[in-house]
Amino acid sequence: MSDLNRRGWLRAAGLGLSGLWLSACDRVNESPAATAVLSSAEGLTRRVQRLATDRKALAREFSPADISPDFRANGSTSVADADYLQHQANGFADWKLVVDGLVERPLALSLADLRSAPGRSQITRHDCVEGWSSIGKWTGASLGPILDRAGLKPNARYLVFHCADTLGPDPVRDGYYESIDLIDAYHPQTLLAYAMNEEPLPVKHGAPVRLRVERQLGYKHAKYVMRIEAVESFDQIRGGKGGFWEDRGYEWYAGI
Ligand SMILES: Nc1nc2c(c(=O)[nH]1)N[C@H]1C(S)=C(S)[C@@H](COP(=O)(O)O)O[C@H]1N2
Ligand SMILES: [Mo]
């Protein structure tokens, strides 16, 4: 919607009048009531816009001296899945990350592909909902350009991260997974991290690749990511709440 159209729409919505009528009769601009409605509707738009802008703000970055000497590992620290163990045994040389779902061009990316993709390093603080924090340096491929390579279809709204590990006895029901929206997906600090503190990502921290989504709490940072699926909704996926912990009561939006 152009700015002018949006103003027209807001006016029409606020006054309960049709946009057609408004474009036919511009005298509404002179009415004080219309002006008040317009400014309050615009105030609302501004507040919504500020929220959206805040979501794009960067997470704080730290200096090398701040890196935690012993970054805590949490949740799964190893994976039992047979395919994963085979990949682990040969250093993930043949491992591929699948990007599929609502994309024009499904991808299968090797670690070499990810290492040569546009990316960055960042020293950030990881905050777990259980009340601990650790600071680490992450290096990875920026998620946004990878999504552009795959070409999101217009109805894609979320990305689901399917992980190799399970946090319970049932390999399907207890498999870890997470999801984020496209604002976080295109955030400049959102990475598919393959290195931590200048070393290949250790298994306990999610080898070969884990998500860093720095404006979110720890449980959103999926480790052992095997597949990224673009979806319109996660209603039909597993418990329908968008993540392993969300299906067990955690908030889907864990912004910090
Ligand atoms: N696949 C997978 N990802 C996961 C988890 C997990 O158990 N499995 N735990 C989450 C939680 S609660 C936290 S705090 C972080 C822990 O990451 P770390 O082990 O690198 O500290 O990973 C998150 N991602
Ligand atoms: Mo956590």
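Look above for the structure.
The numbering scheme is per chain: residues are counted from 1 as the chain's sequence reads. Chains carry letters and ligands carry numbers; both start at the beginning, A for chains and 1 for ligands, and go up in the order they are written. With pLDDT at 70 or above as the cut-off, local features in this predicted model cover only qualifying residues; side-chain atom pairs require 80 or more to be listed or tallied, and sums for whole chains, interfaces and linings still use all residues. Side-chain measures were taken over the full set of non-hydrogen atoms in the model, leaving aside hydrogen atoms and water.

K.L.:
Quick one: what's the story with the pairing of strand S10 (residues 225-231), residue by residue and with numbers?
P.N.:
For each residue, the accessible area found with a 1.4 Å probe, counting protein chains only, is set against the maximum for its type, and the residue is called buried under 20%, exposed over 50%, and partly exposed in between. Elements are defined by DSSP. Helices are runs of H or I of four residues or more, strands are runs of E of two residues or more, and each kind is numbered from the N terminus. Most of S10 sits inside the fold, with six of its seven residues counted as buried. In this structure, strand S1 (residues 97-101) lies alongside S10, joined through four bridges in parallel fashion. Within the sheet, the bridge partner assigned to Val-98 lies in S10 and is Arg-227. When DSSP finds two or more bridges between two strands, those strands count as paired. Relative to S10, strand S5 (residues 158-166) runs antiparallel, the two sharing six bridges.

K.L.:
Please set out the sheet that holds strand S6 (residues 175-181) residue by residue, giving values where relevant.
P.N.:
Sheet architecture is open: five strands sit in the order S2-S1-S10-S5-S6, paired in mixed fashion. Each edge of the sheet is formed by a strand with only one pairing partner; in this case those strands are strand S2 (107-109) and S6. Within the sheet, the average angular offset between the axes of one strand and its neighbour, ignoring direction, is 20°. Contacting S1, S2, S5, S6 and S10, helix H6 (residues 143-150) runs over the sheet at an angle of about 135° to S2. Interaxial angle, 0 to 180 degrees, is taken between N-to-C directions of lines fitted to C-alpha atoms, where a helix line uses only the stretch in contact. It only takes one pair of heavy atoms within 4.5 Å for two residues to be counted as in contact.

K.L.:
Describe in detail H6, supporting the description with residues and values.
P.N.:
Taken as a whole, H6 has its buried residues at Leu-143, Gly-144, Ile-146, Leu-147 and Ala-150. Looking down the long axis of H6, one finds its buried residues gathered within 165° of arc, a one-sided arrangement. A positive phi of about 75° marks Gly-151, the residue just after H6. Directions drawn from the helix axis to the C-beta atoms are what define this arc.

K.L.:
Describe the layout of surface pockets, naming the residues involved and giving the relevant values.
P.N.:
Here a cavity is any set of points on a 1 Å grid over the protein atoms alone where a 1.4 Å probe fits but cannot get out, and a pocket is any open set with protein on both sides within 12 Å along at least 5 of 7 lines; a residue lines the site when it has an atom within 4 Å of a point. Grid points are joined across faces, edges and corners, and a volume is the space filled by probe spheres set on the points. For the largest pocket, the calculated volume is near 310 Å³. Around the largest pocket sit 23 residues that line it, and Asn-74, Gly-75, Tyr-176, Gly-218 and Tyr-219 are the ones nearest its centre. The nonpolar class holds Ala, Val, Leu, Ile, Met, Phe, Trp, Tyr, Cys and Pro. Asp, Glu, Lys and Arg form the charged class, and all remaining residues, Gly among them, are polar. Here the lining of the largest pocket is built from residues that sort into eleven nonpolar, seven polar and five charged. Of the volumes computed, that of the second largest pocket is approximately 250 Å³. Cys-163, Asp-165, Thr-166, Pro-171 and Gly-175 are, among the 16 residues lining the second largest pocket, the residues nearest its centre. Secondary-structure elements contributing two or more residues to the lining of the second largest pocket are S5 and S6. By residue number, the principal contributor to the lining of the second largest pocket is S5, which donates five residues. Per-class residue counts for the lining of the second largest pocket are eight nonpolar, four polar and four charged.

K.L.:
Can you explain the side chain of Glu-214? Please cite residues and give values.
P.N.:
Position of Glu-214 among the secondary structure elements: in the loop between strand S9 (210-212) and S10. For Glu-214, a relative accessible area of 4% corresponds to the buried category. Each polar contact in these results corresponds to two N or O atoms within 3.5 Å; when the atoms are within protein, one needs to be able to donate a hydrogen and the other to accept it, and residues that are neighboring in sequence are counted only if both atoms are side-chain atoms. A distance of 2.9 Å separates polar atoms of two side chains, one belonging to Glu-214 and the other to Thr-124.

K.L.:
So what's going on with the site of ligand 1? Residues and values would help.
P.N.:
A molecule or strand has a residue near it when one of that residue's heavy atoms lies within 4 Å. Among the 22 residues in the neighbourhood of ligand 1, the closest are listed as Arg-72, Asn-74, Asp-165, His-205 and Lys-223. Contacts to ligand 1 include Asn-74, whose backbone N or O atom sits 2.8 Å from an oxygen atom. In the model, a nitrogen atom of ligand 1 is placed 2.7 Å from a nitrogen or oxygen of the Asp-165 side chain. Within the complex, the protein chains bury 99% of what would otherwise be the 520 Å² of accessible surface of ligand 1. Comparing atom positions with the cavity grids shows ligand 1 to sit within the largest pocket. Of the residues in the shell around ligand 1, the class split is ten nonpolar, seven polar and five charged. Here the Shrake-Rupley method, with its probe set to 1.4 Å, supplies the accessible areas, and only the displayed protein chains count as covering residues. Cavity and pocket membership follows a simple rule, namely that a molecule belongs there if more than half of its atoms are within 2 Å of the grid points.

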